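Tertiary structure, described
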Amino acid sequence: MFDIVGKRRWYFAFSALITIPGLIFIALGGLKPSVDFTGGTVWQVRYAEDPSPEEVHAALVELGHPEATVRRLNDGFLEIRTAAIGLLPPQTPIPSASFVPAPSGASASGSPSAAASASAAGSPAPSGEGTPVPSGEATPTPSASPTASPSPSPTPVPTLAPISDNTQFGRIELALEDRFGEPQGGRPRSVTTIGPLIGAELIRSSLILIIVGEIVIMLYLAIRFGLRFGVAAIIALLHDVIVVVGVFAILGYFFGLEFDALFVTALLTIIGFSVHDTIVVFDRIRENRIRHAGEPFGAIVNHSILQTLGRSINTSLTVVVTLSALLLLGPLSIRTFTLALLIGVVSGTYSSIFNASQLLVAWYEWDASRKANASGARTVRPLSR
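Treat the numbers as computed from the prediction; the structure is a model and nothing was measured. (Residues numbered from 1 in each chain as written. Predicted model: local features only at pLDDT ≥ 70, side-chain atom pairs only at ≥ 80, totals over all residues. Heavy atoms only, no water.)

1. Some details on the overall build of the protein
Inclusion rule: Numbering goes from the N terminus for both helices and strands, where a helix is a DSSP run of H or I of at least four residues and a strand is a run of E of at least two. A simple rule labels every residue: compare its accessible area, found with a 1.4 Å probe on the protein chains alone, to the largest value its type can have, and call it buried under 20%, exposed over 50%, or partly exposed in between. Every residue pair with non-hydrogen atoms within 4.5 Å of one another is taken to be in contact. Per-residue and other accessible areas were derived by the Shrake-Rupley procedure at a 1.4 Å probe size, with only the shown protein chains allowed to occlude residues.
Helices and strands together make up the secondary structure of the protein, namely ten helices and six strands. Taken across its 385 residues, the protein has 34% of its residues classed as buried. Taking contacts inside the protein between residues at least 6 apart in sequence as the whole, the part at least 24 apart equals 77%. Working note: accessible area of the protein is about 23,700 Å², and carbon and sulfur atoms make up 65% of it.

Put into structure tokens, the structure is as follows:
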């Protein structure tokens, strides 16, 4: 029988080898948050004259955006990032109603003096509607002509209006077009703008989601299996999170890879997938402790890992194949999400088999050694004179 538990120090050393570099690059600022977290405006465009990123940056500095960053993507498009730029035209102020003073010939009661003089002269006063009729003549009754009732106007369907040149972004883009030519397709390929308050709120919500998720998982496992099982599972989950975040820090430091809001979704999915494999192993350990009562705890854990090893690897392989195809052939918009999931699934499978269970064995053996040393110290006492 293959002894997996006996080589746990090698597994711990390998985990340190893949997590410590990630922590170093996280400390060096390798993580590159996207506009979802930092706020700002990002658009992708390709001009007819195909300028370099340096030329576009110089033009943006002249337009009043020295903070702008420009980089060329793999497909030849330029990705431009600036502070938040307005995409909506300025609102037209609505004129307020003002008081118009009455003419000087008006009476205090508001009735014009012309009406009073007209009635005094015997001429009929003008009525509120129609034409005044002289006295002694019959008032003609107008014949009621049927009028067609107006048909109800159709309900307008809301449509997405294009970016107007009257906006702040439209003026900047128009200036760039005048200098570098018309963009491919007539407009930028994509435009995203997010305020800094929304980005700060997203960071806070993401941290709360990850922390609350791990606390609830630890409480569930502590109730279901015991406190040691819950703590070991959380350490394995932290290992997976550090591996994923560390890889993105390394890629961000060397290649400028950014993470967006979908990255948080990927982390939560990784936590759920990793703890699923861990629970399978823990449940088999609990069953084997009853079936193989009296055996050392390390041997029981080794049996349990070997019994669940094939299931864990086969399940992970199917997910890895699907995510690899999606990473290579899928759309660019979810590539960050797919890459994070792929790294997390591989790390989660490894940590469930070679970290969480091995931590349990190390904890049980350390506790047994501590109790044995304590009982030996109480038994051996110095002889009294």
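2. Looking at the pattern of salt bridges
For the record, the criterion: By definition here, a salt bridge exists when the distance from a side-chain nitrogen of Lys or Arg to a carboxyl oxygen of Asp or Glu is within 4 Å.
Applying the stated criterion to the full structure yields twelve salt bridges. For the salt bridge of Asp50 with Arg72, the shortest nitrogen-to-oxygen distance reads 3.1 Å. Of this pair, Asp50 sits in the loop between strand E2 (40-45) and helix H3 (53-62) while Arg72 sits in strand E3 (residues 69-72); the two residues are 22 residues apart in sequence, bridging distant segments of the chain. Using a relative accessible area of 42% as the deciding quantity, one classes Asp50 as partly exposed. Of the residues examined, Arg72 reaches a relative accessible area of 33% and is grouped as partly exposed. Where salt bridges share partners, they join Arg228, Asp367, Arg370 and Lys371 into one cluster.

3. Considering the layout of surface pockets
Defined as follows: A 1.4 Å probe that fits but cannot get out identifies a cavity on a 1 Å grid over protein atoms alone, an open set with protein on both sides within 12 Å along at least five of seven lines counts as a pocket, and a residue lines either if it has an atom within 4 Å of a point. Grid points are joined across faces, edges and corners, and a volume is the space filled by probe spheres set on the points. Gly is placed with the polar residues, together with every amino acid not listed as nonpolar (Ala, Val, Leu, Ile, Met, Phe, Trp, Tyr, Cys and Pro) or charged (Asp, Glu, Lys and Arg).
Reported here for the largest pocket is a volume of approximately 1,000 Å³. Elements represented by at least two residues in the lining of the largest pocket include exactly helix H2 (35-38), E2, E3, strand E4 (78-82), strand E5 (190-194), helix H7 (227-255), strand E6 (258-259) and helix H10 (335-379). Of the residues in the lining of the largest pocket, the class split is eleven nonpolar, eight polar and ten charged. Lining the second largest pocket are 17 residues, and of these Ser206, Leu207, Ile210, Val245 and Leu267 lie nearest its centre. Here the element with the most residues in the lining of the second largest pocket is helix H6 (residues 196-224); it accounts for six residues. Here the residues of the lining of the second largest pocket are counted per class, giving 15 nonpolar, one polar and one charged.

4. A few points about the environment of Thr193
As for its placement among the helices and strands, Thr193 is situated in strand E5. The partly exposed category is assigned to Thr193, whose relative accessible area is 32%. Taking C-alpha positions, Thr193 is 9.3 Å from Thr82, a pair spaced 111 residues apart along the chain. Setting aside anything within four residues of it in sequence, one finds Thr193 in contact with Gly40, Thr41, Ala84, Ile85 and Leu87.

5. Points about the pairing of E2
Applied cut-off: Two strands are counted as paired when DSSP detects at least two bridges linking them.
Burial analysis of E2 places six of its six residues in the buried class, which makes it a mostly covered element. Relative to E5, E2 runs antiparallel, the two sharing five bridges. Within E5, the residue paired with Gly40 across the bridge is Ile194. Pairing between E2 and E4: five bridges, direction antiparallel. When the bridges of E4 are listed, Trp43 appears paired with Ile80.

6. Overview of the nonpolar core
Selection rule: Within this scheme, the nonpolar core is defined by two criteria: the residues are buried Ala, Val, Leu, Ile, Met, Phe, Trp, Tyr or Cys, and they are joined through side-chain atoms within 4.5 Å.
In this structure, Val244, Phe248, Phe263, Phe282 and Ile285 are the most contacted members of the largest nonpolar core, which totals 49 residues. For this core, the secondary structure elements donating two or more residues are H6, H7, helix H8 (261-291), helix H9 (297-329) and H10. Ranked by residue count, the leading element in this core is H10, at twelve residues. Discounting chain neighbours no more than four positions away, the residues touching Ile285 are Phe229, Phe297, Ile300, Val301, Ser304, Ser357 and Leu360.

7. Looking at the confidence of the model for the protein
Quick note on the threshold: Residue-level confidence of the predictor, termed pLDDT, takes values from 0 up to 100.
Across the protein, the average pLDDT comes to 79, with 76% of residues at 70 or higher. Of all the helices and strands in the protein, helix H4 (residues 113-120) carries the lowest mean pLDDT, 39, while helix H1 (residues 8-27) carries the highest, 94. Counting contacts from residues 104-162, a segment whose pLDDT is below 50, to residues more than four positions away or on other chains yields five contacts.

8. Digging into H7
What counts, and what does not: Each helix should span, by expectation, one fewer than its residue count multiplied by 1.5 Å.
In this model, H7 (29 residues) spans 42 Å end to end at C-alpha, consistent with the 42 Å of a helix rising 1.5 Å per residue. Just past H7, the residue Gly256 takes up positive phi, approximately 70°.

9. Structural notes on the packing of H7 against H8
Between two packed helices, the angle of one axis relative to the other and the distance separating the axes together describe the packing. Note the threshold: The convention used is that axes are lines fitted to C-alpha atoms, helices contributing only their stretch in contact, and that angles between N-to-C directions extend from 0 to 180 degrees. Should the near helix be turned counterclockwise from the far one by less than a right angle, the crossing is left-handed, whereas a clockwise turn marks it as right-handed.
Remark: H7 packs on H8, axes separated minimally by 10 Å, with the N-to-C direction vectors making an angle of 145°. Handedness of the H7/H8 crossing: right-handed. Residues Phe229, Ala232, Ala233, Leu237, Asp240, Val241, Val244, Val245 and Phe248 of H7 touch H8, and the partners they reach there are Phe263, Leu267, Ile270, Ile271, Ser274, Val275, Thr278, Phe282, Ile285 and Arg289. A class-by-class count of the residues in the contact of H7 with H8 yields 15 nonpolar, two polar and two charged.

10. So, the side chain of Asn288
With respect to the element layout, Asn288 can be found in helix H8. Setting aside chain neighbours within four positions, we find Asn288 in contact with Ala293, Ile300, His303, Ser304 and Gln307.

11. A word on the packing of aromatic side chains
Note the threshold: Stacked, tilted and edge-to-face are the three classes assigned to paired rings of Phe, Tyr and Trp, where Trp is represented by its six-membered ring and a pair needs centres within 6.5 Å; plane angles under 30 degrees give stacked, over 60 edge-to-face, the rest tilted.
For the structure shown, the criterion picks out 15 aromatic pairs. Between Phe25 and Tyr253 the ring centres are 5.2 Å apart and the planes differ by 65°, which places this aromatic pair in the edge-to-face class. Of this pair, Phe25 sits in helix H1 while Tyr253 sits in helix H7; the two residues are 228 residues apart in sequence, bridging distant segments of the chain. What makes Phe25 buried here is its relative accessible area of 15%. Classification of Tyr253 as partly exposed rests on a relative accessible area of 44%.

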